[in-house]
Amino acid sequence: MVRMSPVVMGRWAAGAAVLVVAAACGGSGSDNSGQAGSQGGSGNSGTTVSTQSVSGMGTVLVDSSGKALYTPDQEANGTIKCVNDCTGIWPPLTVPDGQTPTASSGVTGTLGTVKRPDGSTQVTLDGKPLYRFSIDKAAGQVNGQGTQDAFGGTSFSWQVVTASGAAAPAPTATGGGGYTY
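Residues numbered from 1 in each chain as written. Predicted model: local features only at pLDDT ≥ 70, side-chain atom pairs only at ≥ 80, totals over all residues. Heavy atoms only, no water.

**Q** Honestly, the overall build of the chain in this entry has me stumped. Any pointers?
**A** Along the chain, the regular secondary structure elements total two helices and nine strands. For the chain, the succession of helices and strands along the chain, N to C, is α-β-β-β-α-β-β-β-β-β-β. Counting every position in the chain, which comprises 181 residues, the buried fraction comes to 45%. For the chain, contacts bridging at least 24 residues in sequence account for 66% of all contacts bridging at least 6. Total accessible area on the chain is roughly 8200 Å²; 53% of this is exposed by carbon and sulfur atoms. (Helix = DSSP H or I, 4+ residues; strand = E, 2+ residues; numbered from the N terminus. Buried < 20%, exposed > 50% of the residue type's maximum accessible area, 1.4 Å probe, protein only. Contact = heavy atoms within 4.5 Å. Areas by Shrake-Rupley, 256 points an atom, 1.4 Å probe, with all protein chains shown as cover.)

**Q** Would you mind going over the sheet that holds strand β8 (residues 148-151) with me for this structure?
**A** Within a sheet, each strand pairs with its neighbour through backbone hydrogen bonds, oriented either parallel or antiparallel. Strand order in the open sheet formed by three strands is β3-β9-β8, with antiparallel pairing between adjacent strands. With partners counted over all chains shown, the strands left at the sheet margins are β3 (70-72) and β8, one partner each. Neighbouring strand axes in the sheet, compared pairwise and without regard to direction, differ in orientation by 35° on average. Relative to strand β9 (residues 154-160), β8 is paired through four bridges, and the arrangement is antiparallel. From the neighbouring strand, glutamine 148 faces β9, where its bridge partner is serine 157. (Pairing = 2+ DSSP bridges. Axes fitted to C-alpha atoms, helices over the stretch in contact; angles between N-to-C directions.)

**Q** Would you mind showing me how to read the packing of aromatic side chains here?
**A** Two measures describe an aromatic ring pair: the distance that separates the ring centres and the angle between the ring planes. Under the counting rule described, the total for this entry stands at seven aromatic pairs. Ring geometry for tyrosine 70 versus tryptophan 90: centroids 5.3 Å apart, planes at 75°, classification edge-to-face. Of the two residues, tyrosine 70 is situated in strand β3 and tryptophan 90 in the loop between α2 (86-89) and β4 (94-95); the sequence distance between them amounts to 20 residues. Of the two residues, tyrosine 70 and tryptophan 90, neither departs from the other in class, the shared state being buried. Taken together, the ring pairs connect Tyr70, Trp90, Tyr131, Phe133, Phe151, Phe156 and Trp158 into an aromatic cluster. (Phe/Tyr/Trp six-rings, centres within 6.5 Å; stacked < 30°, edge-to-face > 60°.)

**Q** Just to check I follow, could you spell out the environment of glycine 98 for this structure?
**A** Looking at where glycine 98 falls in the secondary structure, it is placed in the loop between β4 and β5 (111-115). Along the chain, glycine 98 and threonine 113 lie 15 residues apart, while their C-alpha atoms are 9.8 Å from each other.

**Q** It is not clear to me how the environment of valine 49 should be interpreted in this structure. Could you clarify?
**A** Counting through the fold element by element, valine 49 comes out in the loop between α1 (6-24) and β1 (50-54). Judged by its relative accessible area of 0%, valine 49 is buried. It is 8.7 Å that separates the C-alpha atoms of valine 49 and leucine 69, two residues lying 20 residues apart in sequence. Residues in contact with valine 49, not counting those within four places in the same chain, are Leu61, Val62, Leu69, Leu93, Thr102, Ala103, Ser104, Val107, Leu111, Val123 and Leu130.

**Q** I'm lost on the nonpolar core in this one. Help?
**A** The nonpolar side chains of a soluble globular protein tend to be buried, and buried together. Grouped together as the largest cluster of nonpolar side chains are 19 residues, with contacts concentrated most on Tyr70, Cys82, Cys86, Trp90, Trp158 and Val160. Looking at this core, the elements with two or more residues in it are β2 (58-62), α2 and β9. The greatest single-element share of this core, amounting to three residues, is contributed by β9. Setting aside residues up to four positions removed in sequence, cysteine 82 forms contacts with Glu75, Thr87, Trp90, Arg116, Tyr131, Phe156 and Trp158. Core analysis: the second largest hydrophobic core is formed by eleven residues, Leu69, Val107, Leu125 and Leu130 among them. (Core = buried A, V, L, I, M, F, W, Y, C linked by side-chain atoms within 4.5 Å.)

This is how it looks when you write it as structure tokens:
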């Protein structure tokens, strides 16, 4: 059963369509490599996590391509609960085995890693696993801020992570509930 607010439903539907098209073309809807790249945004080549100022949010953490990083409240203790279908919408920020994630000077807190159930190595900040939101298509977007959803019976509350390492405050609810996948 899927429950979504009307605004998020539209964003999700657009993102899901992109994922389906990408999958049909033999690609994937997300880049789970987590490796630094030279794409646009304020990401730094060679840096796993950096910061970017986002209107209405302040300074948030971003990946190497400048896309906002999120964490679910339900994984605050570092236990991975976003698996399987969840990672299609919320791709984990990962690094190759044995690689240590790096942060730009604006990032406070401690970067680390945790092993995911699939064996990949996910980046954490102060023990909280970091994810991207597949509907954020460009640097500076924070469409997943305050999203409520559920996968496989587990409910999630997603917050963009600020440069201080804290989750950004959730937006005021406008009704609608959340996603259930």
